[in-house]
Amino acid sequence: MSPASERLDAIRRRVAEAARRAGRAPEEVRLIAVSKTQSIAAIQALVELGVRDFGESQAQEALPKIEHFRAATLNWHFIGHLQSNKTRHIPGTFQWVHSVDSARLARRLAEVAGEGVGSQQLKLLLQVNVAADPAKHGLLPREVYPTVEDLLRQPLAGVQLCGLMTIGYLHADEDRARASFSGLRDLLEGCRQRFGDSFRELSMGMSDDFETAIEEGATMVRVGTALFGSRG
Ligand SMILES: *Cc1c(COP(=O)(O)O)cnc(C)c1O
C-alpha cells in the first residue's frame, strides 16, 4: 500500500469508529480532504483512491487545481476567510462555502451565483466563532439567528443555506473541544427548529479533533495534515 492509501485507510477507519461510538452510520460523515498547499500529484493520489471532496482556503491557489481536475467532477469546499469583494471566482468553481461570516458576504455570493447561467446552487455554511475568540473570524453564537432571519427576509437565488461550521481550539484538551462542538450542534438544532430542515450540515473537526467532532454530530470533517502528511 502507498503511504497515501495507508493514511486514508486509517482516517476512514477512525471516522467509522467514531460514528459507531455515537450510534451513527459512518456514511453520515463526509470526509473533506483539505488540500491547501498540497500538489496536484498529492491530490491525484487521493482522487484515485476514491476521495471526492477537497477543501481549499485561498481562491488563487485553488483555481488551477480545480481546473486541472475539472473532468473528475469533484466537490470543492471553500474553507478560508473570504472578503465580499473577492467572491467573483467562487460560484461555478466551488460547490460549498463553509466560511460565510456575514449576511453581506452571503448576499454577495448569491448575487454572483445568480449571474451564472444554469449553474447548480452554491451551498453555504455560516461560520460560527463558538468560543468568541477575538483572533477568529465567524459570527458570534448570538448573531446566528438574527443573521439567518436577515438573510431569509429576501429570496436568495443561486445559494442555499445548509448549516454551520466552526474551527475548534488549536491544541485544546478534549473537554474544551467537545464543549465547542456540542455548542455548535445545539445552535444547528435551534436553526432547524426556527428555519427548517435545510439546516442539516455541521462542518467541524480537523486532524486533531475530528473524532470528538463526529461523536458530537459532525456531518463534515475537514482533515488536512493527518491525510496528506504535514504541509510544505
Ligand atoms: C487547514 C484547515 C483545516 C485542516 O487542518 P489540519 O489540522 O491540517 O487537518 C481545516 N479547516 C480549516 C478551516 C483549515 O484552514
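## Comments concerning the overall build of the protein
Of the regular secondary structure elements, the protein holds eight helices and eight strands. Against the compact-globule benchmark of 17 Å for 232 residues, the protein has a radius of gyration of 17 Å, which places it among compact chains. Here the C-alpha coordinates of the protein stretch approximately 55 × 40 × 30 Å along the principal axes. By residue count, 48% of the 232 residues in the protein fall in the buried class. The long-range fraction of contacts in the protein, counting pairs at least 24 apart against all pairs at least 6 apart in sequence, stands at 58%. Carbon and sulfur atoms make up 48% of the accessible area of the protein, which amounts to about 11100 Å² in all. Charge-centre separation for the protein: the mean point of 29 positive side chains lies 3 Å from the mean point of 29 negative side chains.

## Considering the packing of aromatic side chains
Applying the stated criterion to the full structure yields four aromatic pairs. Relative to Phe94, the ring of Phe78 lies with its centre 5.3 Å away and its plane at 90 degrees, an arrangement referred to as edge-to-face. Here Phe78 is found in strand E3 (residues 75–78), whereas its partner Phe94 is found in the loop between E3 and strand E4 (96–100), with 16 residues between them in sequence. With respect to class, Phe78 is no different from Phe94; both count as buried.

## Some thoughts on the site of the ligand
Within the structure, the ligand sits among Val34, Lys36, Ile79, Ile167, Met206, Ser207, Arg222, Val223, Gly224, Thr225 and Arg231. At a separation of 2.9 Å, an oxygen atom of the ligand approaches a polar backbone atom of Thr225. Among the cavities detected, the one that contains the ligand is the largest pocket. Looking at the shell around the ligand residue by residue, the class counts come to five nonpolar, three polar and three charged.

## Some points on helix H1 (residues 3–21)
Each turn of an α-helix holds 3.6 residues, which means side chains three or four residues apart point in the same direction. An ideal rise of 1.5 Å per residue puts 27 Å on 19 residues; H1 measures up with 27 Å between its terminal C-alpha atoms. Close packing links the buried residues of H1 with strand E1 (30–34), helix H2 (40–48), helix H7 (210–215), strand E8 (220–223) and helix H8 (225–228).

## Observations concerning the environment of Leu8
Mapped onto the secondary structure, Leu8 falls in helix H1. When the C-alpha atoms of Leu8 and Leu139 are compared, they prove to be 32 Å apart, with 131 residues separating the residues in sequence. In contact with Leu8, other than residues within four places in its own chain, are Leu31, Leu46, Leu49, Val51 and Leu227.

## Topic: the packing of helix H5 (residues 144–152) against helix H6 (residues 174–195)
The contact between H5 and H6 brings their axes to 11 Å, and the two run at 35 degrees. Relative to H6, the crossing made by H5 is right-handed. Contacts from Val144, Tyr145, Val148, Glu149 and Leu152 in H5 reach Asp186, Leu187, Gly190, Cys191, Arg194 and Phe195 in H6. For the contact of H5 with H6, the class distribution of residues is seven nonpolar, one polar and three charged.

## As for the nonpolar core
Of all hydrophobic cores here, the largest spans 61 residues; its most connected members are Phe54 and Leu109. Of the residues forming this core, the biggest block, seven residues, is contributed by H6. The contact partners of Leu109, leaving out residues within four places of it in the chain, are Leu82, Thr87, Ile90, Pro91, Val97, Val100, Leu122, Leu124 and Val159. Ile32, Trp96, Leu125 and Met165 belong to the second largest nonpolar core, which has six residues in total.

## Some remarks on the side chain of Arg24
Mapped onto the fold, Arg24 is located in the loop between H1 and E1. Residue classification places Arg24 among the buried residues on the basis of a relative accessible area of 14%. Aside from chain neighbours lying at most four places away, what touches Arg24 is Ala19, Val29, Ile214, Gly217, Ala218 and Thr219.

## Observations concerning unusual backbone geometry
With a phi angle near 65 degrees, Thr37 is a residue other than glycine that sits in the positive phi range. Within the element layout of this structure, Thr37 appears in the loop between E1 and H2. Of note, Ala132 is a non-glycine position whose phi angle comes to about 50 degrees, a positive value. Its location among the elements puts Ala132 in the loop between strand E5 (122–127) and H5.

Rules and cut-offs
- Every chain is numbered on its own, with residues counted from 1 as its sequence reads.
- Since the coordinates come from a predicted model, pLDDT governs what is reported: local features require at least 70, and pairs of side-chain atoms require 80 or more to be given and counted, while whole-chain, interface and lining totals use all residues.
- The side-chain quantities take in all heavy atoms of the structure and omit both hydrogens and water.
- The helix count covers DSSP runs of H or I at least four residues long, the strand count covers runs of E at least two residues long, and both are numbered beginning at the N terminus.
- For the radius of gyration, the atom set is restricted to C-alpha positions; the globular benchmark scales as 2.2 Å times the number of residues to the power 0.38.
- Per-residue accessibility, obtained with a 1.4 Å probe over protein chains only, is compared with the maximum for each type, and a residue is labelled buried under 20%, exposed over 50%, and partly exposed between these values.
- For this analysis, residues touch if any pair of their heavy atoms sits within 4.5 Å.
- The accessible surface values rely on the Shrake-Rupley method and a 1.4 Å probe; as for residues, cover is taken only from the protein chains in view.
- In this count, Lys and Arg are taken as positive residues and Asp and Glu as negative ones, while His and the chain termini are left out.
- Throughout, a charge is located at the NZ atom of Lys, the CZ atom of Arg, the CG atom of Asp or the CD atom of Glu.
- A pair of aromatic rings is counted whenever rings of Phe, Tyr or Trp (Trp by its six-membered ring) have centres within 6.5 Å, and the orientation is called stacked for planes under 30 degrees apart, edge-to-face for over 60 and tilted otherwise.
- One heavy atom within 4 Å of a molecule or strand makes the whole residue count as near it.
- Pairs of N or O atoms are called polar contacts if they sit within 3.5 Å, as long as, within protein, a hydrogen donor faces a hydrogen acceptor (for residues adjacent in sequence, only side-chain-to-side-chain pairs).
- With a 1 Å grid spanning the protein atoms alone, the term cavity applies to any set of points in which a 1.4 Å probe fits but cannot get out, the term pocket to an open set with protein on both sides within 12 Å along at least five of seven lines, and the term lining residue to any residue with an atom within 4 Å of a point.
- Each molecule is assigned to a cavity or pocket provided more than half of its atoms lie within 2 Å of the corresponding grid points.
- Residue type decides the class: Asp, Glu, Lys and Arg count as charged, Ala, Val, Leu, Ile, Met, Phe, Trp, Tyr, Cys and Pro as nonpolar, and the leftover types, Gly among them, as polar.
- Here the expected span of a helix is defined as 1.5 Å times the quantity of residues minus one.
- Angular values range over 0 to 180 degrees, each being the angle between N-to-C directions of two axes fitted as lines to C-alpha atoms, with helices fitted over their stretch in contact.
- Throughout, a crossing is termed right-handed when the near helix is turned clockwise from the far one, and left-handed when it is turned anticlockwise from it by less than a right angle.
- Only buried residues count toward a nonpolar core. Its members are Ala, Val, Leu, Ile, Met, Phe, Trp, Tyr and Cys residues joined through side-chain atoms within 4.5 Å.

Everything listed here is a matter of geometry and, on its own, says nothing about what the molecule does.
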